[in-house]
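The primary structure of each chain is shown beneath.
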Amino acid sequence: MTLQCAVRAVRGTFALDVALVAEPGEVIAIVGPNGAGKSTLLRALAGLDPCTGDIRLGDADIGELAPYLRPVAWVPQDGALFPHLSALDNVAFGIGGRRGRSEAARWLGLLGLDEHLHKRPRQLSGGQAQRVALARALVRRPALLLLDEPMAALDVATRTDARRTLRQHLSSYDGVTLLVTHDPVDAATLASRVVAIDGGRIVQDAPPSHVARAPRTPWLADWMGLNAFRGRTSGRAVELDSGGRLVAAEVPPDPAGEVLAVVAAHAVTLSRVQPRGSARNTWPVVVRELVAAGSRVRIRCDGQPGVVAEVTADAVADLGLAEGVEAWASTKATEVTVVPL
């Protein structure tokens, strides 16, 4: 069933106002900074928080239905399993209790939990508990599946396994899935669309690859591992609101108004002396923070503009980079993408 919604929810001084259309089988990643309204949207669709507007699944208006009457399944961040019930009874609970055990066992088997049917949540690993919560949601055959950061509490190894399992089962799920996540890997590997919310409004709705190339807000750029600077074009340069300028190889044909100049963190080079190479953009910076990111290191620098560079651990050691060290940042004009706002 197609999801069509126009939801407005007010919480004190915060207002959520979101309109969204999603087709059957579509997986949409809902992203945004803390407090943007992501979980509020999911809870409103599930009927758990009051809202105004329209919520339709296919031809049915479900906005006035009680939560238990909606063809919607919600998986909160902690899974919300009943601690006193086994995995089997947790899944069977919503489909008739003991009468639903055979179907519950089938779904747990599909999710690789045959050997854990009679374990209680405290006896399961984090990944296993998340799969039980997912089975409990899917066994109801909902038209709309709401996943609120289902892997946030998992460690890296467990998250990788859980993501693989989730991707496998969402690929054959014919309902609509809305997935709230803070992990760009989840968005890139699980979703066909990214809907970014900020301040209760949708600021971008596009495929993950497009968001990576042309994010519409600095938060999105940082989330994707990019740098984004607001400014206005002047010829082939962007005069940045935060100070400084960046030269781009190409600018939009009609660059009137505000733009974002976007540079991937891995496209920023750091050196201890002013470079003499072909890079069109070079400026002095001071290293503020070093954060390990897998086999690489993300380095936040103050300057005009302040920038994030991503380099190897060997480069950090070779250059003697540390907090407070003065350096030079540079990037080629071909690495600067100008996005009209």
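Keep in mind that this is a model prediction, so the values were computed, not measured. (Residues numbered from 1 in each chain as written. Predicted model: local features only at pLDDT ≥ 70, side-chain atom pairs only at ≥ 80, totals over all residues. Heavy atoms only, no water.)

(A) The arrangement of helix H3 (residues 101-110) in detail. Buried within H3 we find Ala104, Trp107 and Leu108. Buried residues of H3, viewed axially, fall in a sector of 100°; they line one side. Contacts made by the buried residues of H3 are with helix H2 (87-92) and helix H4 (126-138). Looking one or two places after H3, you find Gly112, whose phi comes out positive at around 75°. (Buried < 20%, exposed > 50% of the residue type's maximum accessible area, 1.4 Å probe, protein only. Helix = DSSP H or I, 4+ residues; strand = E, 2+ residues; numbered from the N terminus. Arc of directions from axis to C-beta. Contact = heavy atoms within 4.5 Å.)

(B) Quick look at the packing of aromatic side chains. Counted under the stated rule, the structure contains two aromatic pairs. On the basis of an interplanar angle of 15° and a centroid distance of 5.8 Å, the ring pair of Trp219 and Trp223 is categorised as stacked. Here Trp223 and Trp219 lie together in helix H8 (residues 218-223), a separation of four residues that amounts to about one turn. When the ring centre of Phe82 is taken as reference, the NZ or CZ atom of Arg136 above it lies at 5.6 Å. (Phe/Tyr/Trp six-rings, centres within 6.5 Å; stacked < 30°, edge-to-face > 60°. Lys NZ or Arg CZ within 6 Å of the ring centre and 35° of its normal.)

(C) Spatial organisation of the layout of surface pockets. Its volume calculated, the largest pocket comes out at about 460 Å³. In terms of lining, the largest pocket is formed by 18 residues, of which the most central are Val72, Ala73, Trp74, Arg136 and Arg140. For the lining of the largest pocket, the elements supplying multiple residues, two or more each, are strand E6 (72-75) and H4. It is E6 that provides the largest number of residues to the lining of the largest pocket, a total of four residues. Among the residues forming the lining of the largest pocket, the class breakdown is 14 nonpolar, two polar and two charged. Its volume calculated, the second largest pocket comes out at about 300 Å³. Taken together, 16 residues make up the lining of the second largest pocket; nearest its centre are Pro184, Trp223, Met224, Gly225 and Arg298. Looking at the lining of the second largest pocket, the elements with two or more residues in it are helix H6 (184-190), helix H7 (208-213), strand E16 (281-293) and strand E17 (296-303). Looking at which element gives the most residues to the lining of the second largest pocket, the answer is E16, with four residues. The residue makeup of the lining of the second largest pocket, split by class, is eleven nonpolar, two polar and three charged. (1 Å grid on protein atoms, 1.4 Å probe; cavity = no way out; pocket = protein on both sides within 12 Å on 5 of 7 lines; lining within 4 Å. Points joined across faces, edges and corners; volume = space filled by probe spheres on them. Nonpolar A, V, L, I, M, F, W, Y, C, P; charged D, E, K, R; others polar.)

Note that all results are geometric; they support no functional claim without further evidence.
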